[in-house]
Amino acid sequence: MAFIALGVTGGIGAYKAVEIARGLQKQGHEVVAIMSRSARRFVRPLTFEAITQREVISDLWKPGANARIEHIDIASTIDMLLVAPATANTIGKFAHGMADDFLTSMYLATTAPVVLAPAMNSNMFAHPAVVENLRLLTERGVRIVEPGSGYLACGWIGKGRLAEPEDVVLYVQGMLSADARHTLAGKRVLVTAGPTYEDIDPVRYIGNRSSGRMGVAIAAEAARRGASVTLVSGPGAVPAPANVTSVAVRSAGDMHAAVMSRAADHDLVVMAAAVADYTLSAAAQKIAKGDGPLTLTLERTRDILADLGALPTRANGRPVLVGFAAETHDVVAHARAKLTRKKIDLIVANDVSRADAGFEVDTNAVTIISPTAAEDVPLQSKAAVAARILDSAERVMSERLAGEVRS
Ligand code: CTP
């Protein structure tokens, strides 16, 4: 159980903070709510008081608050400061050390981990001032729960909506979990995620429906386990977690170059990206339509995994290799054939014919296949599946290490 200060600042998402407080309590944590002046315009302190069973703190100058310098007192006892929603204003104040209310003063006074869940209009979120402030804060170790995309309260559609309460709770839980294992400390892990786009001309491309969620979940879990993580993602993939090094690529060729140039420096490569199997030479100018059919000639792309699998095991320090196989039938047999053909260590077989697993959803059901075994991972969140995949990869890594020590 942890003692969590929940900072609530003034955005329409403030009502969702009530759900977050409840979710944290359900996990057994104690919550104290700290509301900014504008947050109190959106939600009444009484709501938080009733849920947290604690007085809501909102005033630096309340009579008595300075008898024991309350913001210092709480700052030194909390296990985490979570601010949800975090407005552009609060983010700016945190980034620049301004302390004009209880929450901002407490932020400066606490040494506990700090997590921000930003929420604002999508143009505000993309503004260089906010981007820079978030960068400054992440550099100082503040963790960010990325906002979601969709319909915003201001009527816009875009990125900026407060992350869903259960995702915020899950994130906090992940950070706090007493069993947070640093089993990948000192290891370097490279993960690919999302689709690749093969350009047809300056305005058109061939792509696929991969959202990058599975790869991003693996990158986040590897970072949580203490690895230094590089995430190579294709266009349109969900945002990278703040604590990984992110490399953006577009085509299968770009991804091949990005992965091959980095692989030897890594202990584990997980190819979760849906890499195009075919590409074409993009026309320099937009192709105008004619009356007849249009024929495009596609050529095979280089298979990144197969090229990694062909690297000599030891001399180049070949990383442990994990691939994915999207199958619609005879899932295990097809996937194992790929494992053998590409000379990789593990393959995660995905039955993409199921509606609740695979593309564009937050859940997945897979089978993790090695040359000698197949382990079914039933339907669960992609975060939980990511943990199972890394458990298996870690086993291969330690077996390999043991083999090297013996020989
Ligand atoms: N992959 C790769 N380089 C490519 C294509 C795919 O590294 N040019 C990787 C993917 O990231 C994934 C695995 O290989 O880990 C998928 O293997 P693939 O043989 O492409 O399987 P499918 O796309 O499922 O295709 P198919 O069944 O059509 O062979």
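Residues numbered from 1 in each chain as written. Predicted model: local features only at pLDDT ≥ 70, side-chain atom pairs only at ≥ 80, totals over all residues. Heavy atoms only, no water.

(A) Quick look at the packing of helix α1 (residues 14-26) against helix α3 (residues 45-52). At a minimum axis separation of 10 Å, α1 and α3 run at an interaxial angle of 10 degrees. Classified by the interaxial angle, the pair formed by α1 and α3 is roughly parallel. For the pair formed by α1 and α3, the contact residues are Ala14, Ala17, Val18, Ala21, Arg22 and Gln25 on the first element and Thr47, Phe48, Ile51 and Thr52 on the second. Per-class residue counts for the contact of α1 with α3 are six nonpolar, three polar and one charged. (Axes fitted to C-alpha atoms, helices over the stretch in contact; angles between N-to-C directions. Helix = DSSP H or I, 4+ residues; strand = E, 2+ residues; numbered from the N terminus. Parallel < 35°, antiparallel > 145°, perpendicular 65-115°, else oblique. Contact = heavy atoms within 4.5 Å. Nonpolar A, V, L, I, M, F, W, Y, C, P; charged D, E, K, R; others polar.)

(B) Seen up close, the site of the ligand. With respect to spatial proximity, 16 residues lie near the ligand, and among them Met271, Ala273, Phe324, Lys338 and Lys342 are the closest. One nitrogen or oxygen atom from the side chain of threonine 301 is found 3.3 Å from a nitrogen atom belonging to the ligand. Elements that contribute at least two residues to the shell around the ligand include exactly α12 (304-309), β16 (320-327) and α13 (331-342). Of the residues that constitute the shell around the ligand, the class distribution is eight nonpolar, two polar and six charged. (Near = heavy atom within 4 Å. Polar contact = N/O pair within 3.5 Å; in protein donor to acceptor, adjacent residues only side chain to side chain.)

(C) Structural view of the domain arrangement of the protein chain. Domain boundaries assigned for the protein chain yield domain 1 (3-179) and domain 2 (188-406). Averaged C-alpha coordinates put domain 1 and domain 2 at centres separated by 35 Å. With six residues of domain 1 at the contact, the number on the domain 2 side is five residues. A buried area of about 470 Å², summed over both sides, lies between domain 1 and domain 2, and 57% of it is on carbon and sulfur atoms. Across the contact surface, domain 1 and domain 2 share zero salt bridges. Linking domain 1 with domain 2 are one residue pair in polar contact (both at pLDDT 80 or more). A class-by-class count of the residues in the side of domain 1 that touches domain 2 yields no nonpolar, three polar and three charged. (Domains from an automatic or database assignment. Buried area = accessible area lost by both parts, 1.4 Å probe. Salt bridge = Lys/Arg side-chain N within 4 Å of Asp/Glu carboxyl O.)

(D) Representation of the packing of α1 against helix α9 (residues 165-176). It is the contact of α1 with α9, at a shortest axis distance of 9 Å, that shows an interaxial angle of 40 degrees. One way to sum up the angle between α1 and α9 is to call them oblique. For the pair α1 and α9, the crossing hand works out as right-handed. Two secondary-structure elements touch here, α1 through Lys16, Glu19, Ile20, Gly23 and Leu24 and α9 through Pro165, Val168, Val169 and Val172. The class makeup of the residues in the contact of α1 with α9 is six nonpolar, one polar and two charged. (Left-handed = near helix turned anticlockwise from the far one by under 90°.)

(E) Region of the structure containing the sheet that holds strand β8 (residues 188-193). Strand order in the open sheet formed by eight strands is β12-β11-β8-β13-β16-β17-β18-β19, with mixed pairing between adjacent strands. Since the sheet does not close on itself, it has two edges, and those belong to β12 (245-248) and β19 (374-381), each with one partner. For this sheet, the mean inter-axis angle between neighbouring strands, taken without regard to orientation, is 20 degrees. Looking at chain direction, β8 and strand β13 (residues 268-271) are connected through four bridges and run parallel. Looking at the pairing, leucine 190 lines up with valine 269 of β13. Sitting on the sheet, helix α11 (residues 252-263) touches β8, β11 (228-233), β12 and β13, and the angle it makes with β8 is about 170 degrees. (Pairing = 2+ DSSP bridges.)

(F) Region of interest: the pattern of salt bridges. Under the definition given, this model contains 18 salt bridges. The network of salt bridges with shared partners includes Glu221, Arg224, Arg225, Asp391 and Glu394.

(G) The arrangement of the sheet that holds strand β5 (residues 143-144) in detail. On the basis of which strands lie adjacent, the open sheet formed by five strands has the order β2-β1-β3-β4-β5 and parallel pairing. Among the strands making up the open sheet, the edge pair consists of β2 (30-35) and β5. Pairing of strand β4 (residues 114-118) with β5, which is carried by two bridges, proceeds in the parallel orientation. Each residue of the ladder has a partner; that of leucine 116, found in β5, is isoleucine 144.

(H) The arrangement of the environment of serine 251 in detail. Relative to the helices and strands, serine 251 resides in the loop between β12 and α11. Taking the relative accessible area as the measure of exposure, serine 251 reaches 16% and is therefore buried. For the pair serine 251 and glycine 234, spaced 17 residues apart in sequence, the C-alpha to C-alpha distance is 7.4 Å. The contacts of serine 251, once residues within four sequence positions are left out, are Thr196, Tyr197 and Glu198. Looking at serine 251, its side chain comes within polar contact range of the main-chain nitrogen of aspartate 254, at 3.1 Å. (Buried < 20%, exposed > 50% of the residue type's maximum accessible area, 1.4 Å probe, protein only.)

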